[in-house]
Structure formats: structure tokens, C-alpha cells
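Below are the chains, spelled out letter by letter.
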2 protein chains.
Amino acid sequence: MIDGVLNPELDAVTPPTPDAPCGEGESKAPIGVFDSGFGGLTVARAVVDLLPHEDIIYLGDTARAPYGPRPIAQVRGFVLEALDDLVSRGVKALVIACNTGSAAALRDARERYDVPVIEVVVPAARKAAGITRNNRVGVICTQATASSLAYDDALGASPVQLVTQVCPKLVEYVEEGITTGPEILATVRDYLAPLQQAGIDTLVLGCTHYPLLSGVISYVMGEQVALVSSSDECARTVFAELTRLGLLRDDLDHEPVRQFITTGDAERFQGLGRRLMGSFVDQVRSTRIG
Amino acid sequence: MIDGVLNPELDAVTPPTPDAPCGEGESKAPIGVFDSGFGGLTVARAVVDLLPHEDIIYLGDTARAPYGPRPIAQVRGFVLEALDDLVSRGVKALVIACNTGSAAALRDARERYDVPVIEVVVPAARKAAGITRNNRVGVICTQATASSLAYDDALGASPVQLVTQVCPKLVEYVEEGITTGPEILATVRDYLAPLQQAGIDTLVLGCTHYPLLSGVISYVMGEQVALVSSSDECARTVFAELTRLGLLRDDLDHEPVRQFITTGDAERFQGLGRRLMGSFVDQVRSTRIG
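Chain A carries the name Glutamate racemase in an unreviewed UniProt entry, which gives Propionibacterium ruminifibrarum as its organism. Per UniProt, chain A has the following entry under Sequence similarities (unreviewed entry): "Belongs to the aspartate/glutamate racemases family."

Chemist: Would you mind showing me how to read the UniProt feature "active site" (unreviewed entry) in chain A here?
Modeler: Residues and elements named next belong to chain A. The residues that UniProt annotates with the feature "active site" (unreviewed entry) are C98 and C207. The greatest C-alpha distance among the annotated residues, which extend across 110 residues, is 7.6 Å, indicating that they converge on a single site. Residue placement: C98 occurs in the loop between β3 (93-96) and α4 (99-112). By relative accessible area, C98 is classed as buried at 4%. Other than its neighbours up to four places away in sequence, C98 contacts F34, D35, S36, Y67 and V120. What makes C207 buried here is its relative accessible area of 7%. Ignoring any residue separated from it by four or fewer positions in sequence, one finds C207 in contact with N99, I140, T142, V171 and S230.

Chemist: Which parts of the structure should I look at to understand the UniProt feature "binding site: substrate" (unreviewed entry) in chain A?
Modeler: All names here are of chain A. Residues annotated by UniProt as "binding site: substrate" (unreviewed entry) correspond here to D35, S36, Y67, G68, N99, T100, T208 and H209. Judged by maximum C-alpha separation, these annotated positions cover 175 residues in sequence but sit close together in space, the widest gap being only 14.5 Å. Look at D35 and you get buried, because its relative accessible area is 5%. Not counting the four nearest positions on each side in its chain, D35 is found in contact with G40, Y58, L59, G60, D61, A97, C98 and T208. Relative to the assigned elements, T208 resides in the loop between β7 (202-205) and α10 (214-221). Note on T208: relative accessible area 4%, which makes it buried. Residues contacting T208, with those up to four places away along its chain left out, are D35, G39, G40, T42, V43, A97, N99, V120, S230 and S231. A polar atom in the side chain of T208 sits 3.3 Å from the backbone oxygen of G39.

The rules behind the values
- Residues numbered from 1 in each chain as written.
- Chains lettered and ligands numbered in written order.
- Predicted model: local features only at pLDDT ≥ 70, side-chain atom pairs only at ≥ 80, totals over all residues.
- Heavy atoms only, no water.
- UniProt positions renumbered as here; feature names shortened; annotations may be inferred.
- Helix = DSSP H or I, 4+ residues; strand = E, 2+ residues; numbered from the N terminus.
- Buried < 20%, exposed > 50% of the residue type's maximum accessible area, 1.4 Å probe, protein only.
- Contact = heavy atoms within 4.5 Å.
- Polar contact = N/O pair within 3.5 Å; in protein donor to acceptor, adjacent residues only side chain to side chain.

As C-alpha cells, then:
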């Protein structure tokens, strides 16, 4: 099997035709947000904050999460299946709210779909490069994101010296609802010590779960270090791209529809989603893809 | 009448005794968040994101909002009445999520209450001073905040040169649900042009409504300018203070109670609150203070 072509059937088929074909009604179509699991909810909510009248479809591939330990070609197949599903629902833009998924499938997605594809790595990297004072930037992320070198690549043409720190336990803490207390404080101190020693002045939260830990992270790093949230920067890029392309709704009396779809169990998704993001997560349905 | 003593009766009475006296159960008490209106909801939600197990009581003095056009002594009386109400409900910390209210009553509140008092100006100013590269920082805010010189004072001992821009229309836009489109884009461009000409590299969103406009603000200011949200920085300071003081809950299985109380009409508060912050705003009740 050729690396990157795990699923030749998928590559052979034509990408799906949207239910609502593009044209005059294009700006009224929903924004599709994809993540392997729950972290992308911070991206979805940041998009909703900035674009409160837009319809959103969030698709979490929780049945096959986490993507991290899987080979990249398999992840690519999963991501494209999920994005195909969103495109077939007629979305006007795709947001890959998943660092691992973006590293695996961004270029393929851009070739495969006619709608704009926005992700989490480049917006955060661009912001960090823009605001660092000493060109020493840290990124904290999962092992999969670190191994992909996605942030290294995104910053490759900049003068930034990147220091990467893998934080394997943090996603687990967030999903268990542990954001305070001596245990997480000690863990975060351990993780961040090498970044402090390296003298970084800007820290990228390179996993969409981490904004929910910005209390403890900010407490450890102090006032002199700028925190860049990949979720916030992604949402701002969604705003900018859809503004540039004239794709935002102009009927500001529209009551937005927000759908949450999971490939796993809807009840479990709603439970964990609510633990992370409160009542933002509502109307969860289950679907099959692939 | 002596300036600053609008309400001599208030000054003469003893501050209220909390329902649940401090002691061993202290860390289980709720956090009180006060604002004259709705903007403080961005602070409350940021606190909830970082401290998902904490009980919160949000008090919005919407019956007497906006505070901006009122004389400072009157605002001080209103704020202390509202904080008295929160203290009588047994809160373990007070958050003044209101720039005008903080400028008027912070020092009085610190003298008056035994619980820590945290506000929005100093955390944002400290962060901006910490991360600016060229010591040119902008702040956008309401006329009342600008007139109070609160940010100038907070940055007075730093090498920062502050450029203040009053943005009278932005609160109105947010409360009308207008965060996109050519009209607000043109308005924001006009407001921000002097800050761009001044060469600022860091911009403080000095009003708690403005995080909901960070899409359009970021779009206009570009990647080289760091945005500092007074709401996020305030919430991080709440995290830090309560961690330092050992006042956070340690029973992480606690189902948090979040109450929203308004001095105005509960239905109207819920309607506008939901327009701004979606389903975060729930269980609104009406109260009388003063």
C-alpha cells in the first residue's frame, strides 16, 4: 500500500455533491466543523461567539478517536470521510478543528472540495510569529501533533525558534473535568519548566482542549508570556476568510441552527461535551460515516 | 454632598454578614460576579471555563445601567449596594466585571469586604505591559472608562505609552447582535485607524463586550498586534487568586450551580443574555437591591 492512499476506493470516488448547490444561497449554508473528538468544541464555540448568526454543524468522529496513535494514512482516510459527510450536508466552509487531522489531510481536503478549508495550526503559528518579542516560541501539544512537525513547518519561513513540549496527560485531565488542584498544577509545572528554561515569550496552546486549562497555564507562565489559543485564532481566521469571500449571512435576524453529530454514542457525547462546555452542547445526534 | 459619599446611609451601615459564615466551608461558597449589565457575562463564562466546578452568582444591575453617563459617586453607591447583595449571599470572592464600576468603587470594596475583590482593568493592563514589544499599547473602551483614566493609572509605573480610543457604538452593536457586515467593519476601521497610526503592537479590549467583536477587530488589526481580553485576563486572575488563597473547591464531582440575577426584568435579561452568550445564560431571576 502506498503511504497516503490507505483507502483507494475513497480516492477513486467523486467527492460528494452538496445537497444545496452553491450559488446565491451560498452564504446561508452552515459552517462545518470537524474534530476527532471533543476538543474542537472550543473552536466551534469561538466561531459562534464571533459569528452568532451562522448555522454550524459539528461532526466529532468519537467512534474512532483518538486519532493520535493511528498511522497518518489511516487518519487521512477518516478525515476525508468525515469532511465528505459535512460537504454532503451542504456546508459553505470546512473547519478542521483537530491538529492531528489537519497534519494528515489538509492538502487533500483543499484539492478535494470547492469550499474553503480552514484549520488550527497555521492561524496560531502566524499569530505567535507576529507577536513574539524574542523569536522564542513554545508550543504545547499531543505527541501526534509534535511528531507531525506541523508547527515547525508552519513557522519554517519565520525567524522563530520553536520549542515543542508534549503534554500527554492534559487532554485526559480536561475530559475528566480536572482543571484545578495540586495534581494538575504539579503536572503543568513539570511540562512547562523546559519552556521557561528556554526563555520563550510566547506559548501556543497547540491542542484544542488546552484553552480550558489557560487558568493553570497562565498561573505557571506568568504575565510576561503571551498565550496564543489555536481555537481562538482559528475562529478569527474563519471570520476573516468568510468576510473576504463574501460568504457570511446578511440576515442578522436569522435564528441559528447548531447541530452536533457524533459517530459514537450521542448520549455519551452530550455528557462529556457538557462537562467541557456546559449547555453549549445541545441537540446531539448520532451518524454513520465511511 | 461630599464627592464620593453619595449615599451616607450606605457608608454608615455595617457591611452585611454573609449567610454562610467563612471558615472550613469557605471554599464551597460561590463566586460573585457583578456588572452593571451584560458585558460581564463574558467574564463569568471565562471563569466557568477555567473553574467548571465552582458555583457562580452573576448580578447585573440592568435596572440602573448603563453606569457610564452617571457621576462617579452615584456609580460607587450602586456598585457597593450590588456587592453588598452578593456578600449577603455568602460569596467567597467578588469579581467587578465592569470597567466603570471598578474605577468608581474598587478601593472602597477592598476596604468594605473580607473576601478578595478582583476586577478587569489591572489584569489586562499587567498582561499588556508584560507582552508588548515596543511599549506602545492601545486600549479601546467606553467614554466612561477613558474618562476614569483607569488604564493610564494601571500602566503608570510601566514604560508603556498608552493610546486610548473611545468606541461609543460597539456595545450597541454587540447588544443588537451585529458582529459582521460592512457597517461594523467600516466603524471598527475608523475607530482603530488612530491606533494603527500610533504604531501600537498590543491592543487591550477594555470593555467586557468586546471579546465578542474580536473577529472584526483581529481582521482589521492583523497578525502583528496582540489582543488582550480584559475578560480572559480577569478570569485568569480569579483562578490565580483563589488558587493562592486555597479557596477553590476540591470536590470535583460537584454539580455547579450558576445563578443569574438582574435588578431589571428577568425575561428581558435572559433574551439579551442569550443573544450574546447563547444557552450559557439560564435560570435568570429578578431581585431588588439598594
